[in-house]
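Per-entry structural report
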Amino acid sequence: MAEKKDLGTPIGTTLDRFIKSKQDEFKYATGELSQLLRDIALAGKIVNKEVISAGLSGLNGQVGEVNVQGENQQKLDVVAHIRFTRALTNGRMTAAVVSEEEEKIIHINEDNHYIVAIDPLDGSSNIDVNVSVGTIFSIYRRKSPTGTKVTKSDILQKGSAQVAAGYILYGSSTMFVYTTGFGVNGFTLDLSLGEFILSHPEMKFPKEVAYYSINESLLEDSEPYISKFVMSCRKQGLSARYIGSLVADFHRNMLKGGIYLYPKTSDKPNGKLRLLYECYALAFIAEQANGVATDGVNRILDIDPKEFHQRTEFYVGSKSLMEELNRFN
C-alpha cells in the first residue's frame, strides 16, 4: 500500500505566491505592482474563457468597425479590451491605460502610480481558425505627481523605463509570462484549479537556433538585406515557422531558439508593429531572456516614442541570429 505522504502530489508554485515572494526585488515595493500583475492575470483568465468559447458564443468574426489602427475590429478585440480595462479599473492600482483599441488615454485614477500599455488581443483574426493568440502588456511608473491628471509624457516613456512587462498566450495551454527586470518566468493555467502555476522558471533563449519567423510574402517589398539573411537561414537548415500571432511566434522562438522579423515595406514605411504596447514589452522580455531586439539599427528599448500608436520595424530573437542579421545590414 502507498504511504499517506506519497498520495498528495505537489501542486507547484502559484503565480500569486511567486509574485509575493519576489516583491522585495522591486525598489518601490509597496504591494501595488504585485496587485496590478494579479489584476492582469485575472483578466487573462476571463479572456481565456471567452477565447475558448468564442465559436459557441458568437464571438468569432468582425464587429464591422475599424479601430484607431485602421484595422477591422474583431469581436474578441472589443471583448478583451473591455475585460482588461475593467479589471484594471476595479483593481484600483492603475492611473491610466493606453490600449490598441482606443485612440486616447483611458484615465482611471489619478491617485495611482502606474501606467499600463496593452494590446488586449494580438492576432485576434486567427481566432476563427483556432490559432494561438495573446495579450501583450507593459507597465510604467508615472512621471507626474499622483493626484494630478496623467499626461502625455507619462505615457511616452522609453521601453527602458518599463518596470514590468509580459504576455498571456492563449493556445493549447494558456500561459502567463512576465518580467520585472529580474529574469523571465512562465506560468501555465491549471483549469481545474483556476490558477497559474509556475511551469517555465528562468526562461532563456537557448544557444542552439532552430527557426526563423517572417511573412515571406514581404520579402520582395523589403530591403535586400532581409532576403539575404533569410537565404542564409535556409542554408543553415533553419526551419521557417510563421503563425501570424506575434505572441505565439515570439514564444516559440524563445523556447526553441530563433528570430522573428517584421521589416518595413513600401505600404508600411515605418513598419507595422506598435512600439508602445507590443515591441517594448517583448524587447524587455527578450533582453531578460538573453535575447536581442532592434528596429534594424537601434535597440528597441532606447527608441524615443513620439506617438501612442507609433509603429516600428521589429527584429527580435536569439543573440547569434540577431548578430548575423546585423552583419547583413
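All of these numbers come straight from a predicted model, not from anything done at the bench.

**As for the pattern of salt bridges**
- Here the structure, examined in full by the defined rule, presents eleven salt bridges.
- A salt bridge links R234 to E216, with the shortest nitrogen-to-oxygen separation between them at 2.4 Å. Remark: E216 occurs in the loop between β11 (211-213) and α6 (224-235) and R234 occurs in helix α6; sequence separation between them is 18 residues.
- On the accessibility criterion, E216 (30% relative accessible area) is partly exposed.
- A salt bridge links K306 to D304; the nearest nitrogen and oxygen atoms lie 3.4 Å apart.
- The class of K306 is exposed, set by a relative accessible area of 54%.
- On the basis of relative accessibility, which here comes to 38%, the residue D304 falls in the partly exposed class.
- In the salt-bridge network here, residues are joined through shared partners; they are E100, R274 and E278.

**Here we look at the pairing of strand β13 (residues 258-262)**
- A large share of β13 lies buried, amounting to five of its five residues.
- On β13, burial covers both faces: G258, Y260 and Y262 on one face and I259 and L261 on the other are all buried.
- Bridging between β11 and β13 involves three bridges; their strand directions are parallel. Its bridge partner being in β13, S213 is matched across the sheet by Y260.
- In terms of strand pairing, β13 meets strand β17 (residues 314-318) through four bridges, oriented antiparallel.

**A look at the sheet that holds β17**
- Sheet architecture is open: five strands sit in the order β12-β11-β13-β17-β15, paired in mixed fashion. Lying at the two open borders of the sheet, with one neighbouring strand each, are β12 (239-240) and β15 (291-294).

**Description of helix α1 (residues 15-22)**
- Taken as a whole, α1 has its buried residues at L15, F18 and I19. Viewed along the axis of α1, the buried residues span an arc of 100°, placing them on a single side of the element. Along α1, the residues that are exposed and aim more than 90 degrees away from the buried face are R17, K20 and S21.
- In this fold, the buried residues of α1 make contact with α2 (32-52), β8 (174-179), β9 (184-190) and β10 (195-200).

**So, the environment of A293**
- By secondary structure assignment, the location of A293 is in strand β15.
- With a relative accessible area of 1%, A293 lands in the buried category.
- Considering only alpha carbons, one finds A293 and I259, 34 residues apart in sequence, at a separation of 9.6 Å.

**Remarks on the environment of A283**
- By the secondary structure assignment, A283 is in helix α8 (residues 275-288).
- Residue class for A283 comes out buried when judged on its relative accessible area of 0%.
- When the C-alpha atoms of A283 and G159 are compared, they prove to be 8.1 Å apart, with 124 residues separating the residues in sequence.

**A few points about the packing of aromatic side chains**
- For the structure shown, the criterion picks out eleven aromatic pairs.
- With centroids separated by 5.9 Å and ring planes inclined at 35°, the aromatic side chains of F137 and F176 adopt a geometry described as tilted. Within this pair, whereas F137 is found in strand β6 (residues 133-141), its partner F176 is found in strand β8, the two being separated by 39 residues in sequence.
- Here F176 falls in the buried class, since its relative accessible area comes to 0%.
- Centroid distance F176 to F196: 5.7 Å. Interplanar angle 50°. Geometry classified as tilted. With F176 in strand β8 and F196 in strand β10, the pair connects residues that are 20 residues apart, well separated along the chain.
- Through pairs of rings, three or more aromatic residues link up here, namely F18, F137, F176, Y178, F187 and F196.
- Over the aromatic face of Y211 sits the side chain of R252, whose NZ or CZ is 5.7 Å from the ring centroid.

**Focus on the side chain of E50**
- Checked against the element boundaries, E50 lands in helix α2.
- The buried category is assigned to E50, whose relative accessible area is 13%.
- A polar side-chain atom of E50 sits 2.5 Å from a polar atom in the side chain of R83.

**Topic: the pairing of β10**
- When β9 meets β10, the two strands line up antiparallel, connected through five bridges. By the bridge assignment for β10, T188 is matched with I197.

Cut-offs used in this document
Residues numbered from 1 in each chain as written. Predicted model: local features only at pLDDT ≥ 70, side-chain atom pairs only at ≥ 80, totals over all residues. Heavy atoms only, no water. Salt bridge = Lys/Arg side-chain N within 4 Å of Asp/Glu carboxyl O. Helix = DSSP H or I, 4+ residues; strand = E, 2+ residues; numbered from the N terminus. Buried < 20%, exposed > 50% of the residue type's maximum accessible area, 1.4 Å probe, protein only. Pairing = 2+ DSSP bridges. Arc of directions from axis to C-beta. Contact = heavy atoms within 4.5 Å. Phe/Tyr/Trp six-rings, centres within 6.5 Å; stacked < 30°, edge-to-face > 60°. Lys NZ or Arg CZ within 6 Å of the ring centre and 35° of its normal. Polar contact = N/O pair within 3.5 Å; in protein donor to acceptor, adjacent residues only side chain to side chain.

Function cannot be read off these values alone, since they describe shape.
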